[in-house]
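A closer look at the structure
What follows is the residue order along each chain.
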Amino acid sequence: SKMHFIFSNEVVLLFDFWSVHSPAGMALSVLVVLFLAVLYESIKVGKAKLLHQAVVSMSVLSSQRLVQETDQDSSASDSGPAGRARLRWFFCHFGQSLIHVVQVVIGYFMMLAVMSYNTWIFFGVILGSAVGYYLAYPLLSMV
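Residues numbered from 1 in each chain as written. Predicted model: local features only at pLDDT ≥ 70, side-chain atom pairs only at ≥ 80, totals over all residues. Heavy atoms only, no water.

A count of helices and strands for the protein gives three helices and two strands. Moving toward the C terminus, one meets the helices and strands of the protein in the order β-β-α-α-α. Out of the 143 residues in the protein, the part that is buried amounts to 26%. Restricting the contact set of the protein to residue pairs at least 6 apart, pairs at least 24 apart contribute 74%. Working note: accessible area of the protein is about 9600 Å², and carbon and sulfur atoms make up 70% of it. (Helix = DSSP H or I, 4+ residues; strand = E, 2+ residues; numbered from the N terminus. Buried < 20%, exposed > 50% of the residue type's maximum accessible area, 1.4 Å probe, protein only. Contact = heavy atoms within 4.5 Å. Areas by Shrake-Rupley, 256 points an atom, 1.4 Å probe, with all protein chains shown as cover.)

Below, the structure written as structure tokens:
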């Protein structure tokens, strides 16, 4: 097995059916891994935005709950705004967990693609990561 980077138009990526044997196939494969890297960076930034929004909304909900609990007895904590806040937190956390799993799967796919030791695929991942970061990072400041 080769343990050094090579420039080649022939490679098998991730699955047996993703077998590349031509310059056009290699160009398409580089575009696919480039897109995966852009998607990975976008998901990373999107997760940070969602987490920030969740923290802000939960702090607003908890401050509203504190005001309501001072007005009434807090024995009915499973109903009303407190119960809805817990349910909303559960769905938010569940959604973020699913997004995290997608991010991890894409990250491992990119790592395994790079481990093909094909230089073109490596360049596709690196360029996609740079482009994805460049495009997605400014979205963090728009919170």
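For the rest of this paragraph, the subject is the UniProt feature "transmembrane region" (unreviewed entry) in the protein. Sites flagged by UniProt as "transmembrane region" (unreviewed entry) map to residues 20-40, 89-114 and 120-140. Regarding residues 89-114, the helix share stands at 100% and the strand share at 0%, and the terminal C-alpha atoms are separated by 37 Å. Each end of residues 120-140 is marked by a C-alpha atom, and these two atoms are 30 Å apart; helix forms 100% of the span and strand 0%. (UniProt positions renumbered as here; feature names shortened; annotations may be inferred.)

Taken together, the side chains of Phe15, Phe17, Val101, Val104, Val105, Tyr108, Phe109, Met111, Leu112 and Met115 define a hydrophobic patch exposed on the protein surface, amounting to about 940 Å² of accessible area. Relative to the elements of secondary structure, valine 104 occurs in helix α2 (residues 80-114). Using a relative accessible area of 33% as the deciding quantity, one classes valine 104 as partly exposed. (Patch = residues over 30% accessible without salt bridge, like charges linked within 9 Å, V, L, I, M, F, W, Y side chains within 5 Å. Salt bridge = Lys/Arg side-chain N within 4 Å of Asp/Glu carboxyl O.)

Looking at the element boundaries, tryptophan 89 is found in helix α2. Taking the relative accessible area as the measure of exposure, tryptophan 89 reaches 47% and is therefore partly exposed. Taking the C-alpha atoms as reference points, tryptophan 89 and alanine 54, 35 residues apart in sequence, are found 7.9 Å from one another.

Glancing now at the side chain of glutamine 96. You can see glutamine 96 is positioned in helix α2. Sequence-distant contacts of glutamine 96, that is, excluding residues within four places in its chain, are made with Leu50, Leu51 and Ala54.

This part covers the confidence of the model for the protein. Detailed reading of the predicted coordinates is not advisable wherever pLDDT falls low. Here the protein averages 85 in pLDDT, and 83% of its residues register 70 or above. Looking across the protein, the model is least confident in helix α1 (residues 23-71), with a mean pLDDT of 83, and most confident in strand β2 (residues 19-20), with 94. (pLDDT = per-residue confidence, 0-100.)

Along its 22 residues, helix α3 (residues 119-140) runs 32 Å from first to last C-alpha, staying within 8% of the 32 Å computed at 1.5 Å per residue. For α3, the principal kink sits at tyrosine 134 and spans about 25°; a proline, proline 138, occurs within the next four residues. Every buried residue belonging to α3 is among Thr119, Ile121, Gly124, Val125, Gly128, Gly132 and Ala136, and all of these are buried. (Expected span 1.5 Å × (residues − 1). Bend = angle between axes of the 7 residues up to and from the residue.)

In this description, a pair of aromatic rings is defined by centroid distance and the angle of the planes. For the coordinates displayed, the defined rule picks out 11 aromatic pairs. Where phenylalanine 5 meets phenylalanine 122, the ring centres are 5.0 Å apart and the plane angle is 55°; that geometry is what we call tilted. Placement of the pair is phenylalanine 5 in the segment before β1 (11-12) and phenylalanine 122 in helix α3, with a sequence separation of 117 residues. An aromatic cluster is defined as three or more aromatic residues linked by ring pairs; in this entry it consists of Phe5, Phe7, Tyr117, Trp120, Phe122 and Phe123. (Phe/Tyr/Trp six-rings, centres within 6.5 Å; stacked < 30°, edge-to-face > 60°.)

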